[in-house]
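# Results of the structural survey
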Amino acid sequence: MSESVLNLPKSYLSGAAPKRRWLQLLIGIVCMAMIANLQYGWTLFVNPLDQKYHWGKAAIQTAFFIFVLTETWLVPIEGYLVDRFGPKLVVMSGGLLVGLAWIINAFADTLPMLYLAAAIGGVGAGAVYGTCIGNALKWFPDRRGFAAGVTAAGFGMGSALTIIPISGVIKSLGYEAAFLYFGIGQGFVVLVLSFFLKAPQGGQVSGGSKLVQSKINFTWREMIKSPVFWVMYVMFVLMAAGGLIATAQLAPIAKDFKIQDIPVTILGLTLPVLTFALSLDRVFNGLTRPFFGWISDHIGRENTMFIAFGMEALGIVLLSKFGQDPFWFVILSGLVFFGWGEIYSLFPSTCGDTFGSKYATTNAGLLYTAKGTASALVPLSSMLVAASGSWHVVFSLAAGMNALAAVMAILVLKPMRARMQSAHSLPFHDVAPAVEPVHGSVSLAQDERIDALTQA
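Residues numbered from 1 in each chain as written. Predicted model: local features only at pLDDT ≥ 70, side-chain atom pairs only at ≥ 80, totals over all residues. Heavy atoms only, no water.

### A look at a nonpolar patch on the surface
Condition: A patch consists of residues whose relative accessible area exceeds 30% and which take part in no salt bridge; residues with like charges are grouped when within 9 Å of each other, and nonpolar side chains (Val, Leu, Ile, Met, Phe, Trp, Tyr) when within 5 Å. In short, Shrake-Rupley with a 1.4 Å probe defines the accessible areas, and a residue's cover is counted only from the protein chains shown. Here, a salt bridge means any side-chain nitrogen of Lys or Arg that lies within 4 Å of a carboxyl oxygen of Asp or Glu. Counting from the N terminus, the helices are the DSSP runs of H or I reaching at least four residues and the strands are the DSSP runs of E reaching at least two.
A cluster of nonpolar side chains, contributed by I77, Y80, L81, F85 and L89, occupies part of the molecular surface with about 500 Å² of accessible area. Of the residues forming the nonpolar patch, the biggest block, 4 residues, is contributed by helix 7 (residues 75–85). Tracing the backbone shows L89 in helix 8 (residues 87–107).

In structure tokens, the structure reads:
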């Protein structure tokens, strides 16, 4: 038995504080639900803003681009602050910022004010998102896939609870009131919950994972030197871009197929095609995150990636072939979303397994910037449609990107991670995830890091 095992506290080996970590998970889910409207509820405000100020939808949607940019690319910095100072202060600041952003939106009468609010909201949402995902990875090293998935589902499905109330307030009191009231409410909930967020200390988490995990806690500087990280980054970009190309263009696709307003009946519910598809897709986009995360905890990350990414590629191909039928458009778009949303649970959990728990928030945040990189590729789909006059080229590109990521999971990532972890990892119940292992000297720990990076 290694020296690191002999020096572990007894509370760790017995799996102490199981209730505390489930409370932390619940807090993270609620916080994620409170920031979901900043992304998924934005579409409700575009038309009212344009009707009042006539800025043009393109100019208004620039605010959304700014939000996504700041929400994505600043997560590593926010993650660094979490790993250094703890989750409480970062989420507290995030709650204040997301509330302030929508308050500014309520009074914004110029585009620069709208853009400023978008930037503030992006920073706040990124702070909450990155912290809650990172905290889940730390508290649940034995169930990382499920914990990250159910936390991400809070963001993916959180707006479903408030879309109808927000729409009602917009219709009855105006979009300004909706921004103001929900901005204050959402920010306040996050602010209050931030006081209860805590990172696990050595000896507070339960073990028992079936998966092999790193016994070394890599810093972000060490992580980016690893080829494994960059393989995951490329795969994340491929999946995020492929999925975004298919999903972000859903409304234009339905319009071009001339089926958007055709009523469809499924399980006794009748709705227009596009409305039905968007509603079903949002649910599937949330459910897939904990589902495939849980699957990956049992059969392995790469095996799950191959299944889910392959399903996404197949769904896009079938949507391209049969999507002009209203019924199949709804069903197959749901399949596409179900095969796509799990990237927000599989990649963070794989990152935590590979590079350790101590700096998981920073490291997962760096990997998350792949979403921002992928979003820059989405406008290319519109250019391809304009050049080819057909969506089939776009569908083929998106499916190909997803298929490539699926193959890379098995043929590239899996053997690389196996080589990296074989000499430098132990099953989770043999090591302490939140503390550096005891090797007898600092130089030996550094040597093992270097070896792990080069052997991949």
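What follows picks up the thread again.
### Quick look at the nonpolar core
Put simply, the rule reads: Here, the term nonpolar core denotes a set of buried Ala, Val, Leu, Ile, Met, Phe, Trp, Tyr and Cys residues that are joined through side-chain atoms within 4.5 Å. Classification of residues uses two cut-offs on accessible area relative to the type maximum, computed with a 1.4 Å probe and protein chains only: under 20% is buried, over 50% is exposed, and between them is partly exposed. In what follows, residue pairs with any heavy atoms lying within 4.5 Å of each other are defined as contacts.
Ranked by size, the top nonpolar core spans 115 residues in total, and within it F309 and F329 carry the most contacts. In contact with F329, not counting residues within four places along its chain, are L250, I253, A254, F257, I259, V273, A277, L319 and G323. By size, the runner-up hydrophobic cluster in this structure holds 6 residues, among which are L25, A136, A147 and V150.

### Describing the packing of helix 6 (residues 57–73) against helix 20 (residues 360–375)
Which entries qualify depends on this criterion: Orientation is described by lines fitted to C-alpha atoms, with helices fitted over the stretch in contact, and by angles between N-to-C directions that extend from 0 to 180 degrees. To sort the angles, those under 35 degrees are grouped as roughly parallel, those over 145 as roughly antiparallel, those from 65 to 115 as roughly perpendicular, and the leftovers as oblique. A crossing counts as left-handed when the near helix is turned anticlockwise from the far one by less than a right angle, and as right-handed when that turn is clockwise. Polar here means any residue other than Ala, Val, Leu, Ile, Met, Phe, Trp, Tyr, Cys and Pro, which are nonpolar, and Asp, Glu, Lys and Arg, which are charged; Gly is therefore polar.
Two elements in contact, helix 6 and helix 20, have axes separated by 8 Å at closest approach and are oriented at 155°. In terms of orientation, helix 6 lies roughly antiparallel with respect to helix 20. In this structure, helix 6 meets helix 20 at a crossing whose hand is left-handed. Note on element contacts: helix 20 touches helix 6 through Y368, T369, K371, G372 and T373, opposite E71, T72 and W73. Its residues assigned to classes, the contact of helix 6 with helix 20 comprises 2 nonpolar, 4 polar and 2 charged.

### Considering the pattern of salt bridges
Counting across every chain of the model gives 8 salt bridges. Between D353 and R144 there is a salt bridge, with its nearest N and O atoms 2.8 Å apart. Here D353 is found in helix 19 (residues 343–355), whereas its partner R144 is found in helix 10 (residues 144–157), with 209 residues between them in sequence. An identical accessibility class is assigned to D353 and R144; each is buried. A salt bridge links E302 to R417, with the shortest nitrogen-to-oxygen separation between them at 2.6 Å. Here R417 lies in helix 22 (residues 392–422) and E302 lies in helix 17 (residues 301–322), a separation of 115 residues in the sequence. Among the residues examined, R417 registers a relative accessible area of 6% and is labelled buried. Here the salt bridges share partners, and the residues they tie into one network are R144, D297, R301 and D353.

### Re unusual backbone geometry
A positive phi is found at H54, a non-glycine position, where the angle reads about 55°. When you line up the elements, H54 lands in the loop between helix 5 (43–53) and helix 6. Despite not being glycine, K258 shows a phi value in the positive range, around 60°. Note on placement: K258 falls in the loop between helix 15 (250–256) and strand 2 (263–266). The exposed category is assigned to K258, whose relative accessible area is 69%.

### As for the confidence of the model for the protein
Put simply, the rule is: The score called pLDDT rates the predictor's confidence residue by residue, from a low of 0 to a high of 100.
Overall, the predicted model of the protein reaches an average pLDDT of 83, with 85% of residues at or above 70. Note on residues 1–16: pLDDT is under 50 here. Beyond four places in sequence and across chains, it has 31 contacts. Below pLDDT 50 for its whole length, residues 425–447 participates in 57 contacts with residues either more than four positions away or in separate chains.

### Examining the packing of aromatic side chains
The geometry of an aromatic ring pair is captured by the separation of the ring centres together with the interplanar angle, meaning the angle of the planes. The criterion, for reference: Here a Phe, Tyr or Trp ring, Trp counted by its six-membered ring, pairs with any other such ring whose centre lies within 6.5 Å, and the pair is stacked when the planes are under 30 degrees apart, edge-to-face when over 60, and tilted otherwise.
For the structure on display, the rule yields 25 aromatic pairs. With 4.9 Å between their ring centres and 75° between their planes, W22 and F140 make a pair best called edge-to-face. Of this pair, W22 sits in helix 3 (residues 18–35) while F140 sits in the loop between helix 9 (111–139) and helix 10, and the two are 118 residues apart along the sequence. Aromatic pair F45 and F179: ring centres 3.9 Å apart, planes at 15°, arrangement stacked. Of the two residues, F45 sits in helix 5 while F179 sits in helix 12 (residues 175–194), which places them 134 residues apart along the sequence. The two residues F45 and F179 agree in class, both being buried. Aromatic rings pair up to connect Y129, F155, F236, F309, F337, W340, Y344, F347 and Y368 into one cluster.

### As for helix 17
Rules: A helix is expected to reach a length of 1.5 Å times the quantity of its residues less one. Here the arc refers to the directions that run from the helix axis out to each C-beta atom.
Between its terminal C-alpha atoms helix 17 stretches 31 Å, which fits the 32 Å expected from 22 residues at 1.5 Å a residue. Buried residues of helix 17: R301, E302, T304, M305, A308, F309, E312, A313, G315, I316, L319 and S320, and no others. Axial view of helix 17: buried residues confined to an arc of 160°, hence all on one face.

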